[in-house]
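Residues per chain, in single letters:
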Amino acid sequence: MSTLTSADFGELKRPTTRVHAPPGGGSNWSFGSDAPAAPQQRGKRSAFAQSGDVDMAPAPAAPVTTPAPAAVPAATPAAMQHPTGALRVALVKTKADAEIVDIMLQNAWEKLQQNPQVSSETFTVSNLDELPYAANKLTQYGGFDAVIVFGFLNASNPLFNVLSTSLTKSFIDISVKNSKPVIRGVFIGEPRVASVKAKGGYGGEFADGIESLIQLGN
């Protein structure tokens with residue numbers, strides 16, 4: 001059995017401990033080496049300083065602006081609440097017997113011009129058979145408040161009774177269905193009598209009271 005000595009492990013060096021007393025009375029301890037300690041680096045900024053200063057002071061509150069009270073519109077006089085031309089009336093005439101029918105329509109148009117609350121437009125169809133279709137379309141889809149139809153039915157026509165009855169019924173049905181007045185301005189009689197009546201103002205009476213009839217029940 002062999003015995004290991006200190007020589008087999010090599011020379012063991014013991015650390016030296018020295019005390020240096022620099023001027024000023026302070027102490028500096030050094031372990032294992034006489035080299036002075038590395039000087040501490042100065043002048044480096046912290047992570048907060050490198051990232052910039054953060055102002056934690058609360059932001060000044062924005063000034064509160066009190067909204068101005070809404071303007072109240074002035075009351076509108078009753079006479080001005082209904083604008084001019086608010087009520088639309090369609091005047092429908094036949095191309096047939098124009099020498100009579102045109103005069104009757106002109107009489108109604110002149111009467112409507114005396115009422116500033118009513119505006120009118122004129123439409124023309126070929127004959128009596130097309131009057132119901134025009135009246136229905138204008139009251140249902142045309143935006144008109146009333147329709148006045150004009151034509152002439154000769155009493156000597158062999159279909160006089162049938163045409164007179166069917167036209168009257170059609171106009172009544174259209175008026176009730178669309179809840180708008182359809183006024184029949186068709187003159188029934190002889191041509192000579194119709195001409196005299198038209199020149200005497202026939203047709204104007206159909207425009208009288210049209211506004212009150214439209215606004216009935218409103």
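Above this text you will find the structure in question.
The text that follows walks through the structure, step by step, so that each part is easy to find. These numbers were taken from a predicted model, which means no experiment stands behind them.

Rules behind the numbers
Residues numbered from 1 in each chain as written. Predicted model: local features only at pLDDT ≥ 70, side-chain atom pairs only at ≥ 80, totals over all residues. Heavy atoms only, no water. Helix = DSSP H or I, 4+ residues; strand = E, 2+ residues; numbered from the N terminus. Contact = heavy atoms within 4.5 Å. Areas by Shrake-Rupley, 256 points an atom, 1.4 Å probe, with all protein chains shown as cover. Pairing = 2+ DSSP bridges. Axes fitted to C-alpha atoms, helices over the stretch in contact; angles between N-to-C directions. Parallel < 35°, antiparallel > 145°, perpendicular 65-115°, else oblique. Nonpolar A, V, L, I, M, F, W, Y, C, P; charged D, E, K, R; others polar. Core = buried A, V, L, I, M, F, W, Y, C linked by side-chain atoms within 4.5 Å. Buried < 20%, exposed > 50% of the residue type's maximum accessible area, 1.4 Å probe, protein only. Right-handed = clockwise from strand over helix to strand, strands pointing away. Phe/Tyr/Trp six-rings, centres within 6.5 Å; stacked < 30°, edge-to-face > 60°. Expected span 1.5 Å × (residues − 1).

Moving on, we come to the overall build of the chain. From N to C terminus, the chain includes six helices and six strands. When the elements of the chain are put in sequence order from the N terminus, they spell out β-β-α-β-α-β-α-β-α-β-α-α. Within the chain, contacts between residues separated by at least 24 positions form 74% of all contacts whose residues are at least 6 apart in sequence. Of the roughly 15,600 Å² of accessible surface on the chain, 57% is carried by carbon and sulfur atoms.

The four strands are arranged β4-β3-β5-β6 in an open sheet whose pairing can be described as parallel. The two strands at the open ends of the sheet, each matched to only one other strand, are β4 (118–125) and β6 (182–189). Between one strand axis and the next, the sheet turns by 20 degrees as a mean value, whatever way the strands run. Where strand β3 (residues 87–94) and strand β5 (residues 146–154) come together, five bridges link them in parallel fashion. Considered in β5, the bridge of Val89 is made with Ala146. Taken strand by strand, helix α3 (residues 131–140) contacts β3, β4, β5 and β6, and its axis lies near 175 degrees from that of β5. Against the sheet, helix α5 (residues 191–199) engages β5 and β6, with an angle of about 130 degrees to β6.

Orientation of α3 relative to helix α4 (residues 160–178), taken along the N-to-C sense of each, is 10 degrees, at an axis distance of 10 Å. By the angle between their directions, the pair α3 and α4 is classed as roughly parallel. Contacts between α3 and α4 involve Leu131, Pro132, Ala135, Asn136, Thr139 and Gln140 from the former and Leu167, Ser170, Phe171, Ile174, Lys177 and Asn178 from the latter. Within the contact of α3 with α4, the residues separate by chemical class into six nonpolar, five polar and one charged.

Turning our attention to the nonpolar core. Judged by nonpolar contacts, the single largest core of 23 residues is most densely connected at Val89, Leu91, Met104, Leu112, Ile148, Phe150 and Ile210. Put simply, the parts of the chain that give this core at least two residues each are β3, α2 (98–112), β5, β6, α5 and α6 (210–214). Ranked by residues supplied to this core, first place goes to α2 with six residues. Counting 18 residues, the second-largest nonpolar core is a separate cluster that includes Val125, Leu131, Ala134 and Leu138.

Bringing the pairing of β4 into the picture now. Pairing analysis gives eight bridges linking β3 to β4, with the strands arranged parallel. Each bridged residue has a counterpart across the sheet, and for Ala90 the counterpart in β4 is Glu121. In the classification by handedness, the crossover that spans β3, the intervening α2 and the parallel β4 is right-handed.

Let us now look at the packing of aromatic side chains. Under the criterion given, the structure shown has five aromatic pairs. With centroids separated by 5.6 Å and ring planes inclined at 90 degrees, the aromatic side chains of Phe123 and Phe144 adopt a geometry described as edge-to-face. Taken together, the residues span a long stretch of sequence, with Phe123 in strand β4 and Phe144 in the loop between α3 and β5 at a distance of 21 residues. We classify Phe123 as partly exposed; its relative accessible area is 28%. Summarising the aromatic geometry, the rings of Phe187 and Tyr202 are spaced 5.3 Å apart at their centres and angled 85 degrees between planes, so their arrangement reads as edge-to-face. Here Phe187 is found in strand β6, whereas its partner Tyr202 is found in the loop between α5 and α6, with 15 residues between them in sequence.

The end-to-end C-alpha distance of α4 is 27 Å, a good match for the 27 Å that 19 residues give at a rise of 1.5 Å each. At the C-terminal side of α4, Ser179 shows a positive phi close to 55 degrees.

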